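The primary structure of each chain is shown beneath.
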Amino acid sequence: MEQSKANSPRLFVCTAIENKDEIEERYERAYNFFQSLVADCSEKEAHDALNNAVCKNHEDVSLGMLMSILTEPHNATKCYRDLTLVTRDGLTCVLNNLSNLILERYLKFQDTTRNQLLWLLKEMIRNAVNGVDSVCWNLMRYASGGDVTPKNIFLVESLLDIYIDNRMWLDKFPVLVCMVVYTYLRLIEDHNIPQLMALRQKEVNFVIALIREHFNEVLTLGRDLVRLLQNVARIPEFNQLWQDILINPKTLSPTFTNVMQLLQIRTSRRYLQSRLTPEMERKLVFLTSQVRFGHHKKYQEWFQRQYLATPESQSLRSDMIRFIVGVIHPTNELLCSDIIPRWAVIGWLLTTCTSNVAASNAKLALFYDWLFYDPEKDNIMNIEPAILVMHHSMRSHPAVTATLLDFLCRIIPNFYPPFADKVKQGIFNSLQQIIEKRVLPNLQPLFDSPKLDRELRTTVRETFKEFCSNGNGEGVSGIRDEGNDDLPRGGPDEPAFSDDEDDPQPIIAEDTDDDDLPLSEVRARERPELAAALPLILRPFAETLLDDRTSAAATALLNACTSPMPTPIALADLFAATLQDASPLRINRNPSTSELDVALNSPIFSLFSYLHSNVSEAKRKLVLETLKEIYAQNSIQSVGYCLLFYLKVCFEREKRAERDPVKKRNVKFKADIYKNYCSFLELKLAESLADDFEKCQECDANVLVWLIPDVYREFKDQVQNHIRLLHIIVSTLDAGQLQRLVCLTLQGNLMMFKSDDITTMLSTSLSWETFEQYCLWQLLTAHEISVEDVLPVIPKLSYKDHAEALTSVLLMLKQERPTADVVRQMFCRPVDEEDAFVVSTVMYWCQDYEDKVADLLAVLLSTRYPGTSPNKRKRPGKHNIPPNAPPSAELVLGHLEQIRVCCVEQDDMSIFNMECLQKALQQSQSNSSDSLKRQYNELFLLAWEDELPISRRARKLVSNSLPMNPNLHSSNEDSEEEEIVKPKQAKRRKKAISDSD
């Protein structure tokens, strides 16, 4: 018995320090009991022993056999057969325990266990075991969105194959069909990378078939089905489905009238729950039911690292927000406690999102129930979080409120224009219900807040005018408190931001640590707490700073910092509170001196003046530690680019103050201050610059463009050819700003590129937006990048997908003379009758360099047959092919055929009359395979025509054609091709591109 226990297989992956838990020990006991019954027995004896034991201890026998199936693939078939024979409850016990095992421990399963689980699932489905659909449901919850790791993709594809192979079985379970549709619609959104395209197509085909064949059942999914279908609408099959839904609804179901029928159905909570793994669900429920407000930061950081750390995982935020809004409905008792409220968690999810697309989807997920809200059918708890996020963010995070209000205004006409009135009515119903139930007593302070910019306030007033004006300071409904006791609402201790300075002080929790508040930007404290954290002598200065919020007040405070010194945390909190309502840094395209002085009046700039070397070391270190604390809190995101802006202004001031032209040229930009700042904060210089430019991009494009020349001059080793930084810049520019950068380049004041590794940058840029690529190529042209630098990308450019780059290269080649290297790279492109790149370039060159083009094409074609060429060379070995290998004979012939067709259309065959090209065609024909001869028959016929009419171009070029190079076909041991005649270099100015050391 001890022997079998020691050797029992493991269900779960465990580390050396983890003890077996109760579940694992239970399964091991059952396994050992099962083994004791069948060990050293014949099949008949084992069957008899199991039948006798199952009467007395059915559960242990069943669990023991289940563990054997899950951990011993070689015994699984026999054990499953025995299990079906001895079971007394139709495998109900096994299914219940298997479901619990999946929900509680799936992520700890060994790889063998996971594979065997899928095998067991297939067998049970094949045998039509009653209740196996619930196991499928639970297992599908682990097919997670936002996760393209191999293990998750394996589970997704395995389940898909099971459903495809057992389609008749699946069709019998309408609820499971809905779950499958909902799950895979969500997963298709994430499977848009090249290596998953085959899987995505299989998913698309399967889901489309299910929706069309089970449309009446799928209708029960409600409005979230529409939300998921919107995310995949660009896929052709779903685009066609949308056409049917909107235009021909009766083709899907006789009872289906229009999409409004779907949008008016609230999606069941179990579907919203299904898109989070049980592990994620437990963590979010714990966060919203157990964690006190003010103690939540460490839990949020752990959750972020665990589930939201990758770019792919950003799409999970929508699933989480829909879960919080639709599933987590706290009780009145919980709302009155100091537990972190739902709006705070949602605010954190919104503000930490790193993807613009995911952020837009997350906002839609938050407001989705507002759009078609019906007080008779919908639950007010589904609309409460959104209004509270906006309300509580207004005091210290007005930007969050502004973006949500802007989204709410824009969604009315843009969600679906024909339903704009219905969407507006749904949102009005939501706002009316919010006032009636006293979620907020009045909406006017939110909709007409002075913290919103004028344009947004105007838009909000026009859109929601009924809720923005009332002489009594109430909402238009004028609803009082009577009759609203049915809505759970927070008590006086609910954590919230006060809208009025005169409101009573909130009760501070006993444990007043330094954690961030829910929106993870500013740790909001009331003034007494901010001042109390400073030494007594500094408190009057702190009060002045909080009142004036000027650079002078901040300088006075910092000058007064003597022993005892304030702590960096206290100063960071003070400056964060001071700047939380400050206007973002903005300037005009050509800022004046007075405008720059006004911009520097912000308190943040006073900190930077203490970073100079002439400041005392103690005070400089205090400021650096304060800036480090601000960075760690993420409370002021503009510090980095504000420091660059400050250094630029100081640089310009010093230059203006210096009268002597020689001394003026010697004025230096103090880049060392920024470098020391990055070093103290342990930041990589290049990445820090890119991060700061990204934040500056969100603030003001004029500031970013104003900083570019100095940043590229002072940090050229870090920023030249920096792909991410370059993308940030070109995604920010408008036409005027682009022109300014081009002018600075032509003046010699801006150098953004170096010749090293420019190919990688060009290849990466192919996925950028059209205008971004246009800006890049304009800048490259201004820097006079050589054609040799772009040659490696020419064969990779697709005429369909990379039209921007291909057009730019085409115009670049238009300015160049033909060379052997350029022609070789051009002819390495795949032949496509719709791709006119090669033929256009060659035909343009032929206008001035026809003889030379013919020579180059003849050499390129002749050298495709080195074994018979008169200048025969040693062929490279099988494993010694150079990376820039020339094109194959078939590629060369294919491009020549395209050129021939173009020449025929233009009635000008002069290039094929050239003796060199005639000989090359004859040699190619004699050494080509029969298939190639048939394929290019018309091309080879040109080589046998004795007399061809002399064309207009031939007559035109008689006087200026280049002489044939006598050494054209001479032997050359070092290279396979050489340029026929070195083109005479045009007189050009010195290149503005930087060469690498």
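Reading the values: the criteria
Residues numbered from 1 in each chain as written. Predicted model: local features only at pLDDT ≥ 70, side-chain atom pairs only at ≥ 80, totals over all residues. Heavy atoms only, no water. Helix = DSSP H or I, 4+ residues; strand = E, 2+ residues; numbered from the N terminus. Buried < 20%, exposed > 50% of the residue type's maximum accessible area, 1.4 Å probe, protein only. Contact = heavy atoms within 4.5 Å. Core = buried A, V, L, I, M, F, W, Y, C linked by side-chain atoms within 4.5 Å. Salt bridge = Lys/Arg side-chain N within 4 Å of Asp/Glu carboxyl O. Phe/Tyr/Trp six-rings, centres within 6.5 Å; stacked < 30°, edge-to-face > 60°. Lys NZ or Arg CZ within 6 Å of the ring centre and 35° of its normal. Arc of directions from axis to C-beta. Axes fitted to C-alpha atoms, helices over the stretch in contact; angles between N-to-C directions. Parallel < 35°, antiparallel > 145°, perpendicular 65-115°, else oblique. Left-handed = near helix turned anticlockwise from the far one by under 90°. Nonpolar A, V, L, I, M, F, W, Y, C, P; charged D, E, K, R; others polar. pLDDT = per-residue confidence, 0-100. Disulfide = S-S within 2.5 Å. Polar contact = N/O pair within 3.5 Å; in protein donor to acceptor, adjacent residues only side chain to side chain.

What follows covers the overall build of the chain. In terms of helices and strands, the chain carries 55 helices and 0 strands. Per-residue burial for the chain yields a buried fraction of 52% across its 997 residues. Taking all contacts inside the chain whose residues are at least 6 apart in sequence as the whole, residues at least 24 apart take part in 75%.

Counting residues in hydrophobic clusters, the biggest one holds 169 residues, and the most contacted among them are Phe-238, Trp-370, Ile-387 and Phe-464. In terms of residue count, helix α11 (residues 174-190) provides more of this core than any other element does, 11 residues in total. With sequence-adjacent residues up to four places away left out, Phe-238 is seen in contact with Leu-185, Ile-188, Val-204, Val-207, Ile-208, Ile-211, Leu-229, Val-232 and Ala-233. In this structure, Ala-560, Leu-596, Leu-860 and Cys-916 belong to the second largest nonpolar core, which totals 148 residues.

What follows concerns the environment of Phe-541. Mapped onto the elements, Phe-541 comes out in helix α30 (residues 539-548). Sequence-wise, Phe-541 and Ala-554 are 13 residues apart; in three dimensions their C-alpha atoms are separated by 8.0 Å. If near-sequence neighbours (up to four positions away) are discounted, Phe-541 is found in contact with Ala-556, Leu-557 and Ala-560.

On inspection of all chains with the given rule, the structure shows 44 salt bridges. In this structure, the salt-bridge partner of Arg-186 is Asp-190, at a minimum N-O distance of 2.8 Å. Taken together, the residues span about one helical turn, with Arg-186 and Asp-190 both in helix α11 at a distance of 4 residues. By relative accessible area, Arg-186 is classed as buried at 1%. With a relative accessible area of 11%, Asp-190 lands in the buried category. We note a salt bridge from Asp-835 to Arg-829, for which the minimum N-O separation is 2.7 Å. Under the relative-accessibility criterion, Asp-835 is labelled buried at 7%.

With that out of the way, let us pick up the packing of aromatic side chains. Counted under the stated rule, the structure contains 29 aromatic pairs. On the numbers, 5.0 Å between centres and 85° between planes, the contact of Tyr-416 with Phe-419 is edge-to-face. Exposure remark for Tyr-416: the relative accessible area of 24% places this residue in the partly exposed category. Note on Phe-645 and Trp-706: the rings are 5.4 Å apart at their centroids and 50° apart in plane angle, and the pair reads as tilted. Linking Phe-645 in helix α36 (residues 639-657) with Trp-706 in helix α40 (residues 701-714), this pair joins segments that are 61 residues apart in sequence. Taking the relative accessible area as the measure of exposure, Phe-645 reaches 0% and is therefore buried. Relative accessible area serves as the criterion here: at 8%, Trp-706 is assigned to the buried category. Through pairs of rings, three or more aromatic residues link up here, namely Phe-605, Phe-608, Phe-645, Tyr-646 and Trp-706. Over the aromatic face of Phe-680 sits the side chain of Lys-628, whose NZ or CZ is 5.6 Å from the ring centroid. In this structure, Lys-648 is placed above the aromatic ring of Trp-706, and the distance from its NZ or CZ to the ring centre is 4.8 Å.

Buried within helix α44 (residues 758-765) are the following residues: Ile-758, Met-761, Leu-762 and Ser-765. Angular distribution of buried residues about the axis of α44 spans 95°; they occupy a single face of the element. Contacts made by the buried residues of α44 are with α42 (723-730), α45 (770-782) and α46 (787-790).

With their axes 8 Å apart at the nearest point, helix α20 (residues 316-326) and helix α23 (residues 356-367) run at an angle of 15° to one another. With respect to each other, α20 and α23 are oriented roughly parallel. Of the two elements, α20 crosses α23, and the hand of that crossing is right-handed. Contact residues: α20 offers Ser-318, Ile-321, Arg-322 and Val-325, while α23 offers Ala-358, Asn-361, Ala-362, Ala-365 and Leu-366. Partitioned by chemical class, the residues of the contact of α20 with α23 number 6 nonpolar, 2 polar and 1 charged.

Now for the confidence of the model for the chain. Of all residues in the chain, 85% attain a pLDDT of 70 or more, and the chain-wide mean is 81. Under a pLDDT of 50 for its full length, residues 867-883 has, in the predicted model, 17 contacts with residues more than four places off or in other chains.

What follows covers the packing of helix α49 (residues 837-862) against helix α50 (residues 889-906). Where α49 contacts α50, the axes come no closer than 12 Å and their chain directions differ by 135°. In terms of their interaxial angle, α49 and α50 are classed as oblique. Of the two elements, α49 crosses α50, and the hand of that crossing is left-handed. Contacts from Val-838, Val-839, Val-842, Met-843, Leu-857, Leu-860 and Leu-861 in α49 reach Val-892, Leu-893, His-895, Leu-896, Gln-898, Ile-899, Cys-902, Cys-903 and Gln-906 in α50. Residue composition of the contact of α49 with α50, by class: 13 nonpolar, 3 polar and no charged.

Right, let's get into the state of the cysteines. Applying the stated criterion across every chain yields a total of 0 disulfides. Note on Cys-699: no disulfide assigned, nearest cysteine sulfur contributed by Cys-696 at a separation of 6.0 Å. Of the residues examined, Cys-699 reaches a relative accessible area of 11% and is grouped as buried.

For the rest of this paragraph, the subject is unusual backbone geometry. Even without a glycine there, the phi angle at Asn-721 is positive, about 65°. By the element assignment, Asn-721 lies in the loop between α41 (716-719) and α42. Residues other than glycine seldom take positive phi values, yet Glu-784 does so here, at roughly 55°. Tracing the backbone through its elements, the reader meets Glu-784 in the loop between α45 and α46.

Another aspect to go through is the side chain of Thr-183. Position of Thr-183 among the secondary structure elements: in helix α11. At 2.8 Å, the side chain of Thr-183 forms a polar contact with the backbone oxygen of Met-179. Residues within four places of Thr-183 in sequence aside, it is in contact with Met-140 and Arg-275.

Looking now at the environment of Cys-561. For Cys-561, the position within the fold is in the loop between α31 (551-559) and α32 (568-579). Spatially, the C-alpha atoms of Cys-561 and Lys-619 are 7.9 Å apart, while their sequence positions differ by 58 residues. Not counting chain neighbours up to four residues away, the residues in contact with Cys-561 comprise Leu-538, Pro-566, Lys-619 and Leu-622.

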